[in-house]
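Residues per chain are reported as follows:
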Amino acid sequence: MSEELDLAALQPHEVPAAVTKTLENYLKSRGDDVASVDAGYTEAIDSLHSFVLNGGKRVRPAFAWQGWLGAGGLEGRFSPAEDSQAVMKAVSALELIQACALIHDDIIDDADTRRGAPTIHKVFEAKHEANSWNGAADRFGISAAILIGDVALTWADDMMHSSGLSSEALTRALVPWRAMRTEVLGGQLLDITAEASRDNRVETAEKINLFKTAAYTIERPLHIGAAIAGAPAELVEAYRSFGRDIGVAFQLRDDQLGVFGDPEVTGKPAGDDLREGKRTVLVGQALSLYRDSAPEKARFIDERLGTVSSAAEIDELRNLIAESGAADAVEREIDRLTSRAFTTIENADLPATSRENLIAMGVRATARQH
């Protein structure tokens, strides 16, 4: 890693490549552990390698790295400087948690594709069918994907602990690390419960956005970077406030894309959230707006959400949501949250370059893409 990149001079747009290289090195280092079990295990873990290395914007490590830099981590502003290679390895471990989350999320959603390619459970379902193995192919695919996701989660922890951080920095970083893992799993459980119970309350969707996405995607990664640097409580709170607002706005943007987005941009079929029955803020807003003005439309959306399959059915539901004014309301909320987040970071005790980088990253995370 150090032979290829000067981490001290790393520019924001170069961070994803640095993360990918760090992950590649780590995954290779686990090869002997896997090979000692069985050749079939190696083949299965190769699918994890491909999943991790051949996609993803590296949003979480990028925010964690920027959080460390902004807190003066490189020069040791608040605590003795950590080795930059160790910090890069620690923040890159976030991508293995993300891999686990996505693999398991695809199982929960019964998704066929991810980033334009078959999902992990579908890959192993196809392998079962191609070999005419015993039992149900779909059951085998799900079982294999659960285990591969578990490997990713386990290795994330291993990667963090073996990163080379000092014991003091590691102890500080593990506080938000542990909180983040608990929060994202809680948010995911809230999500599936809302779908199953048809909980259409906007406040439920907002809570899901906070814990499933905002805390996990931006708030806690920034917190981890700040903790590694030994940042004071005031800066940590500014980071977390910024991260919550941008993280929720990021999810609201994803909700918009899940209904109105271009599959070429999202990597998922058009209207996938409607097919899966996602109880998002967007849907909650549409139902709320229609309950008074057109209750029959609210009932129609509520009843059809998660049951539509054809393009015509999806278009009908999509058009109803658009006509409600919910999409415009969500856009206004995205604008409000991003404005508040930028004000927070502008007032934080940060170098001008770090402030500018975080604002630019926030703009990219919440930008319209459809």
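Residues numbered from 1 in each chain as written. Predicted model: local features only at pLDDT ≥ 70, side-chain atom pairs only at ≥ 80, totals over all residues. Heavy atoms only, no water.

Visitor: Explain the environment of Val236 to me, and be specific about the residues and the numbers.
Guide: The residue Val236 is located in helix 11 (residues 233-260) in this model. Exposure remark for Val236: the relative accessible area of 14% places this residue in the buried category. Setting aside residues up to four positions removed in sequence, Val236 forms contacts with His223, Ala226 and Ala231. (Helix = DSSP H or I, 4+ residues; strand = E, 2+ residues; numbered from the N terminus. Buried < 20%, exposed > 50% of the residue type's maximum accessible area, 1.4 Å probe, protein only. Contact = heavy atoms within 4.5 Å.)

Visitor: Hey, could you go over helix 10 (residues 202-229) for me, with residue numbers and the actual values?
Guide: The sharpest bend along helix 10 measures roughly 65 degrees and falls at Ala215. Most of helix 10 sits inside the fold, with 23 of its 28 residues counted as buried. Two residues or fewer past helix 10, Gly230 is found with a positive phi of approximately 70 degrees. (Bend = angle between axes of the 7 residues up to and from the residue.)

Visitor: Can you explain helix 1 (residues 15-29)? Please cite residues and give values.
Guide: With 15 residues, helix 1 extends 21 Å from end C-alpha to end C-alpha; this agrees with the ideal 21 Å at 1.5 Å per step. Every buried residue of helix 1 is accounted for by Val15, Ala18, Val19, Thr22, Leu23, Tyr26 and Leu27. End-on, the buried residues of helix 1 take up no more than an arc of 165 degrees, which puts them together on one face. Opposite the buried face of helix 1, by more than 90 degrees, sit the exposed residues Ala17 and Lys28. Packed against the buried residues of helix 1 are helix 2 (31-35), helix 3 (39-53), helix 4 (59-70), helix 5 (84-92), helix 6 (94-109) and helix 8 (137-161). (Expected span 1.5 Å × (residues − 1). Arc of directions from axis to C-beta.)

Visitor: Outline the environment of Ala44, listing residues and values.
Guide: For Ala44, the position within the fold is in helix 3. Along the chain, Ala44 and Ile148 lie 104 residues apart, while their C-alpha atoms are 7.4 Å from each other. The residues contacting Ala44, other than those within four sequence positions of it, are Phe124 and Ile148.

Visitor: Quick one: what's the story with the packing of aromatic side chains, residue by residue and with numbers?
Guide: Taken as a whole, this structure holds 2 aromatic pairs when the rule is applied. The interplanar angle of 45 degrees and the centroid separation of 5.0 Å between the aromatic rings of Trp65 and Trp68 together place this pair among those described as tilted. Taken together, the positions of Trp65 and Trp68, both in helix 4 and 3 residues apart, correspond to about one turn of that helix. Each member of the pair Trp65 and Trp68 is classed as buried. The interplanar angle of 80 degrees and the centroid separation of 5.4 Å between the aromatic rings of Trp133 and Phe140 together place this pair among those described as edge-to-face. Positioned above the aromatic ring of Phe51, the side-chain terminus of Arg115 is 5.0 Å from the ring centre. (Phe/Tyr/Trp six-rings, centres within 6.5 Å; stacked < 30°, edge-to-face > 60°. Lys NZ or Arg CZ within 6 Å of the ring centre and 35° of its normal.)

Visitor: So what's going on with the pattern of salt bridges? Residues and values would help.
Guide: Counted according to the given criterion, the structure contains 29 salt bridges. A single salt-bridge network, built from bridges that share partners, covers Asp105, Asp109, Asp191, Glu195, Lys212 and Lys278. (Salt bridge = Lys/Arg side-chain N within 4 Å of Asp/Glu carboxyl O.)

Visitor: Explain the packing of helix 4 against helix 10 residue by residue, including any values.
Guide: Where helix 4 contacts helix 10, the axes come no closer than 7 Å and their chain directions differ by 35 degrees. As helix 4 runs across helix 10, the sense of the crossing is right-handed. Seen from helix 4, the contacting residues are Val59, Arg60, Phe63, Ala64, Gly67 and Trp68; seen from helix 10, they are Tyr216, Thr217, Ile218, Pro221, Leu222, Gly225, Ala226, Ile228 and Ala229. Per-class residue counts for the contact of helix 4 with helix 10 are 11 nonpolar, 3 polar and 1 charged. (Axes fitted to C-alpha atoms, helices over the stretch in contact; angles between N-to-C directions. Left-handed = near helix turned anticlockwise from the far one by under 90°. Nonpolar A, V, L, I, M, F, W, Y, C, P; charged D, E, K, R; others polar.)

Visitor: Please give an account of the confidence of the model for the protein that cites residues and values.
Guide: Here the protein averages 94 in pLDDT, and 97% of its residues register 70 or above. Mean pLDDT in the protein bottoms out at helix 12 (residues 263-266), which sits at 72, and peaks at helix 8, which reaches 98. (pLDDT = per-residue confidence, 0-100.)

Visitor: Tell me about the environment of Phe260, and name the residues and values.
Guide: Secondary-structure assignment places Phe260 in helix 11. For the pair Phe260 and Tyr216, spaced 44 residues apart in the sequence, the C-alpha separation amounts to 24 Å.

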